[in-house]
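Chain by chain, the residues run as shown.
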Amino acid sequence: MKLWLVRHAQPEVAPGTCYGQLDLPARVPDTERCAQALATALPINARLVYSPLRRCAELAMQLHGLRPDLSPAADDRLKEMHFGEWEGQLWQAIDSAALQDWTDDFANHCVGGHGESVTQVMDRVAAAFDDLGRDLHGDTVWITHAGVIRAVELIARGQRHTTRADEWPHAAPEYGQWFTLTLQTP
């Protein structure tokens, strides 16, 4: 079984903006290109699960229009990290002491005052990942976000908790790109 980890297309937001769960659309031509490429790459009857945030939902619906065999289902666990009061702010405008607080307690600090901690994100993504093992459906496609994809990378390696910022993966697929993980089925 393969898990296809697809990152949404370029969102309609100024570069350098913190936009975690800010519900933004993605650029329409980029979404269309990504849907076309996925439509030709994905296997028949793969399970299609997406973050309900608009930039992912739009891609899932475009893809479903091209590939009716892929029945889309939203899953809140695939949402990007919630950055609390940082949402919509330029990263460079966020107080450096607040960023340092997050780095100092990377696992447990709820960012932006009332946002999520990395542990909360890892837990919800791990729950979705664990459900894959109970699904004998075959290949699954997740249309999601860079943070979720990075969390999956750790979880797939058996690391379900991270305590330091330098443990967090830096790389993720570019907007509108993907990679696959081969998962062992029971």
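Above: the structure in question.
Report follows, based on the coordinates.

Calculation notes
Here the residue numbers are simple positions, counted from 1 along each chain's written sequence. Owing to the predicted nature of the model, reporting of local features is limited to residues with pLDDT of at least 70; listing and counting of side-chain atom pairs is limited to 80 or more, with chain, interface and lining totals taken over all residues. Each side-chain value is derived from all of the structure's non-hydrogen atoms; neither hydrogens nor water enter the calculation. Cavities and pockets were defined on a 1 Å grid built from protein atoms only: a cavity is a group of points that admits a 1.4 Å probe but offers it no way out, a pocket is an open group of points flanked by protein on both sides within 12 Å along at least five of seven lines, and a lining residue is one with an atom within 4 Å of any such point. Grid points are joined across faces, edges and corners, and a volume is the space filled by probe spheres set on the points. Three residue categories are used. Nonpolar comprises Ala, Val, Leu, Ile, Met, Phe, Trp, Tyr, Cys and Pro, charged comprises Asp, Glu, Lys and Arg, and polar comprises the others, including Gly. Working definition: helices are DSSP H or I runs of at least four residues, strands are E runs of at least two. Numbering for both runs from the N terminus. Contacts were defined at the residue level, with two residues in contact if any of their heavy atoms lie within 4.5 Å. Centres within 6.5 Å are what make two rings of Phe, Tyr or Trp a pair, Trp counting through its six-membered ring; a difference in plane orientation under 30 degrees is then read as stacked, over 60 as edge-to-face, and the rest as tilted. Each residue gets one of three labels from its accessible area relative to the maximum for its type: buried under 20%, exposed over 50%, partly exposed in between, using a 1.4 Å probe on protein chains only. Only one rule defines a salt bridge in this text: a Lys or Arg side-chain nitrogen within 4 Å of an Asp or Glu carboxyl oxygen.

**What to know about the layout of surface pockets**
Turning to step 1, where the next piece is worked out: Put simply, the largest pocket is a space of about 500 Å³.
Turning to step 2, where the next piece is worked out: Lining the largest pocket are 25 residues, and of these Glu80, Phe83, Trp91, Arg150 and Trp168 sit closest to its centre.
Turning to step 3, where the next piece is worked out: Broken down by class, the residue content of the lining of the largest pocket amounts to 14 nonpolar, seven polar and four charged.

**Some words on the environment of phenylalanine 129**
Turning to step 1, where the next piece is worked out: Following the sequence through the fold, phenylalanine 129 ends up in helix H4 (residues 118–134).
Turning to step 2, where the next piece is worked out: Along the chain, phenylalanine 129 and leucine 3 lie 126 residues apart, while their C-alpha atoms are 9.5 Å from each other.
Turning to step 3, where the next piece is worked out: Apart from the residues within four sequence positions on either side, phenylalanine 129 is in contact with Leu3, Trp142, Val152, Ile155, Ala156, Arg160 and Leu183.

**Remarks on the packing of aromatic side chains**
Turning to step 1, where the next piece is worked out: All chains considered together, the criterion is met by six aromatic pairs.
Turning to step 2, where the next piece is worked out: Seen in terms of ring centroids, phenylalanine 83 and tryptophan 91 are 5.5 Å apart; in terms of plane orientation they differ by 85 degrees. Their pairing is edge-to-face.
Turning to step 3, where the next piece is worked out: Judged by its relative accessible area of 9%, phenylalanine 83 is buried.
Turning to step 4, where the next piece is worked out: Tryptophan 91 gets classed as partly exposed once you look at its relative accessible area, which sits at 31%.

**Some details on the pattern of salt bridges**
Turning to step 1, where the next piece is worked out: Taken as a whole, this structure holds 11 salt bridges when the rule is applied.
Turning to step 2, where the next piece is worked out: The residue arginine 33 makes a salt bridge to aspartate 30 at a minimum N-O spacing of 2.3 Å. With arginine 33 and aspartate 30 both in helix H1 (residues 28–41) and three residues apart, the pair spans about one turn of that helix.
Turning to step 3, where the next piece is worked out: With a shortest N-O distance of 2.8 Å, aspartate 69 and arginine 67 are connected by a salt bridge.

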